[in-house]
Amino acid sequence: MQSKLVVIILLCSVLVSINAAQVICASPDYFYPDNCDKELNASSASDYYSSHPALEYKELDHADITIREKTLYRDTFTIVDQELKGHKHLLWEYKKNKLENVSPKRQVYFYYSVTINKKNKYHTRKAIVDIETGNVIVVGESIDY
């Protein structure tokens, strides 16, 4: 009787281990899944911005840095790294808000503008718009004065 109980416990633990391995190896379910292989008839980021005046994002007047890119979500981090060199606070601020519901391989419009005053204080605005659906995924503003 004890040996049957041991066998049953071993079988159950093997089944639980197999299910746990499947969960760990499964790709995450994103609200905005990978679409990098889709041919989307999309305009440039500048054209999209100009043709959507009701877009919730507005660039800062007299911005020191302005980014308008049509890219993959994962590449927004590289763009920020390149454009904001020397502004570690802004790099950290952008990277800490990584979106968990967007696949790194999702096609997006990325908008980001920054003004920097003489005391190294920042005013930033950003938006990420899904190219496929036209949904604004994130829009925000930060003032560090």
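Throughout what follows, the structure given in this document is the object of discussion. (Residues numbered from 1 in each chain as written. Predicted model: local features only at pLDDT ≥ 70, side-chain atom pairs only at ≥ 80, totals over all residues. Heavy atoms only, no water.)

**Section: the overall build of the chain**
- When you go through the chain residue by residue, the secondary structure sums to four helices and four strands.
- Written out in order from the N terminus, the α and β elements of the chain read α-α-β-α-α-β-β-β.
- Here the chain holds 145 residues, and the buried ones make up 32% of them.
- Long-range pairs, those at least 24 residues apart, make up 62% of the contacts in the chain between residues at least 6 apart in sequence.
- With an accessible surface of roughly 9,600 Å², the chain has 54% of that area assigned to carbon and sulfur atoms. (Helix = DSSP H or I, 4+ residues; strand = E, 2+ residues; numbered from the N terminus. Buried < 20%, exposed > 50% of the residue type's maximum accessible area, 1.4 Å probe, protein only. Contact = heavy atoms within 4.5 Å. Areas by Shrake-Rupley, 256 points an atom, 1.4 Å probe, with all protein chains shown as cover.)

**Overview of the packing of aromatic side chains**
- Summed over the entire model, instances satisfying the criterion amount to 11 aromatic pairs.
- With a centroid separation of 5.4 Å and 80° between ring planes, the pair formed by Tyr 73 and Phe 77 is classed as edge-to-face.
- Overall, Phe 77 belongs to the buried group, its relative accessible area being 14%.
- Each member of the aromatic cluster is reached from another via a ring pair, and the members are Tyr 48, Tyr 49, Tyr 57, Tyr 109 and Tyr 111. (Phe/Tyr/Trp six-rings, centres within 6.5 Å; stacked < 30°, edge-to-face > 60°.)

**Observations regarding unusual backbone geometry**
- With phi around 60°, His 62 is a residue other than glycine that occupies positive phi space.
- Structurally, His 62 is set in the loop between helix H2 (45-51) and strand S1 (65-72).

**Brief notes about the pairing of strand S4 (residues 136-144)**
- Pairing of strand S3 (residues 122-130) with S4 involves eight bridges; the strand directions are antiparallel. Across the sheet, the residue bridging to Tyr 122 is Asp 144, located in S4.
- The turn linking S3 back onto S4 is made up of five residues, and Gly 134 within it adopts a positive phi angle of 80°. (Pairing = 2+ DSSP bridges.)

**Section: the sheet that holds strand S2 (residues 107-116)**
- Pairing is antiparallel in the open sheet, where four strands are placed in the order S1-S2-S3-S4. With one partner strand each, in any of the chains shown, S1 and S4 form the two edges of the open sheet. Across the sheet, the axes of successive neighbouring strands diverge by a mean angle of 10°, strand direction being ignored.
- In the packing of helix H3 (residues 75-83) onto the sheet, the strands contacted are S1 and S2, and the crossing angle to S1 comes to about 155°.
- Against the sheet, helix H4 (residues 88-95) engages S2, S3 and S4, with an angle of about 35° to S3. (Axes fitted to C-alpha atoms, helices over the stretch in contact; angles between N-to-C directions.)

**Regarding the side chain of Glu 59**
- You can see Glu 59 is positioned in the loop between H2 and S1.
- Within the structure, Glu 59 has its side chain in polar contact with the side chain of Arg 68 (distance 2.6 Å).
- Those residues within four positions of Glu 59 in sequence are excluded, and the remaining contacts are Tyr 49, Thr 66, Arg 68, Ser 113 and Arg 125. (Polar contact = N/O pair within 3.5 Å; in protein donor to acceptor, adjacent residues only side chain to side chain.)

**Observations regarding the side chain of Thr 124**
- Within the secondary structure layout, Thr 124 lies in strand S3.
- Sequence-distant contacts of Thr 124, that is, excluding residues within four places in its chain, are made with Leu 60, Leu 90, Tyr 112, Ser 113, Val 114, Gly 140, Glu 141 and Ser 142.

**Side note on H3**
- Three or more residues of H3 are buried, namely Thr 76, Phe 77, Ile 79 and Val 80. Buried residues along H3 cover an arc of 160° about the axis, so they all sit on one side.
- Check the buried side of H3 and you find it contacts S1, H4 and S2. (Arc of directions from axis to C-beta.)

**Here we look at the packing of H3 against H4**
- One way to put it is that H3 packs onto H4 with a least axis distance of 10 Å and a crossing angle of 170°. On the basis of their axis angle, the class for H3 and H4 is roughly antiparallel. For the pair formed by H3 and H4, the contact residues are Thr 76, Phe 77, Val 80 and Asp 81 on the first element and Leu 91, Tyr 94 and Lys 95 on the second.
- Taken together, the residues of the contact of H3 with H4 sort by class into four nonpolar, one polar and two charged. (Parallel < 35°, antiparallel > 145°, perpendicular 65-115°, else oblique. Nonpolar A, V, L, I, M, F, W, Y, C, P; charged D, E, K, R; others polar.)

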